[in-house]
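# Results of the structural survey
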Amino acid sequence: MQLFLMRHGEASFDAPSDKERMLTDTGRYTSRMMAKWLTKMTTRVDLVIVSPYVRAQQTWQEVSKHLAEPRHIVTLDDITPNADPKFAVDAILAYAEQYKADTVLVIAHMPILGYMVSEFVYGIEPPLFATSGIAHIDKHLELASLVAMQNPTQLA
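Residues numbered from 1 in each chain as written. Predicted model: local features only at pLDDT ≥ 70, side-chain atom pairs only at ≥ 80, totals over all residues. Heavy atoms only, no water.

Bringing the pattern of salt bridges into the picture now. Inspection of the entire model under this criterion finds eight salt bridges. The partner of K65 in a salt bridge is E62, with the nearest N and O atoms 3.3 Å apart. Salt bridges sharing partners connect three or more residues here, namely R28, R32, E62 and K65. (Salt bridge = Lys/Arg side-chain N within 4 Å of Asp/Glu carboxyl O.)

Here it is as structure tokens:
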């Protein structure tokens, strides 16, 4: 299974609550930039799992313009910023198994994304994600490895 864990694009702090923060123009742009990189890494995404927060949903809207329609899209409350990373990883793997997904894109937040990488890849310290950054994880049975960490400044 190929997993792509993506942090939402840059978001404004001008919102009534954290859930309602919206992408900035820069956040939209860098999300599209990373979507183009993603299309070079995989020909299709079988399953997309997105946080319910506005900025994550908007990031998916930008990314989806560059990808073929995935077979399944799930909005998952268990991948919000302070959710339990072990439970989140278990939920992602359960959805991947249910939908027989070989390629999964997850759009979520810090700090949970860093901790999720550590849950997937044994012994790795939780990495930091730039906004719109993507971690590519190759998972086979119980073994997983971090293939790449990509962020928009590396593509500029």
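Glancing now at the side chain of H109. Within the secondary structure, H109 is located in the loop between β4 (103–108) and α4 (112–120). Of the polar contacts made by the side chain of H109, one reaches the side chain of R55; its length is 3.5 Å. With sequence-adjacent residues up to four places away left out, H109 is seen in contact with H8, S51, Y53, R55, A56, I79, T80 and P81. (Helix = DSSP H or I, 4+ residues; strand = E, 2+ residues; numbered from the N terminus. Polar contact = N/O pair within 3.5 Å; in protein donor to acceptor, adjacent residues only side chain to side chain. Contact = heavy atoms within 4.5 Å.)

Turning to its location among the elements, T80 is positioned in the loop between β3 (72–75) and α3 (85–98). Setting aside anything within four residues of it in sequence, one finds T80 in contact with S51, P52, Y53, H109 and I112.

Before going further, it helps to spend a moment on the packing of aromatic side chains. On inspection of all chains with the given rule, the structure shows one aromatic pair. On the basis of an interplanar angle of 20 degrees and a centroid distance of 6.2 Å, the ring pair of Y95 and Y99 is categorised as stacked. Above the plane of the ring of F13 lies R21, whose end atom (NZ or CZ) is 4.1 Å from the centre. (Phe/Tyr/Trp six-rings, centres within 6.5 Å; stacked < 30°, edge-to-face > 60°. Lys NZ or Arg CZ within 6 Å of the ring centre and 35° of its normal.)

Let us look at the sheet that holds strand β1 (residues 2–7). Pairing within the open sheet is mixed, and its six strands lie in the order β3-β2-β4-β1-β5-β6. Among the strands making up the open sheet, the edge pair consists of β3 and β6 (143–150). Neighbour-to-neighbour, the strand axes of this sheet turn through a mean angle of 15 degrees, independent of strand direction. Both β1 and strand β5 (residues 134–140) contribute to a ladder of five bridges, which runs antiparallel. By the bridge assignment for β5, L3 is matched with I137. Strand contacts of α3: β1, β2 (47–50), β3, β4 and β5, with the helix running at about 150 degrees to β2, the strand carrying the most contacts. Lying over the sheet, α4 contacts β1, β4, β5 and β6, oriented at roughly 160 degrees with respect to β1. (Pairing = 2+ DSSP bridges. Axes fitted to C-alpha atoms, helices over the stretch in contact; angles between N-to-C directions.)

One can find T103 in strand β4. Residue class for T103 comes out buried when judged on its relative accessible area of 6%. Expressed as a C-alpha distance, the spacing of T103 and K86, which sit 17 residues apart in the sequence, is 20 Å. The residues touching T103, leaving out its near neighbours within four places in the chain, are Q2, F4, T42, R44, V45, D46 and L47. (Buried < 20%, exposed > 50% of the residue type's maximum accessible area, 1.4 Å probe, protein only.)

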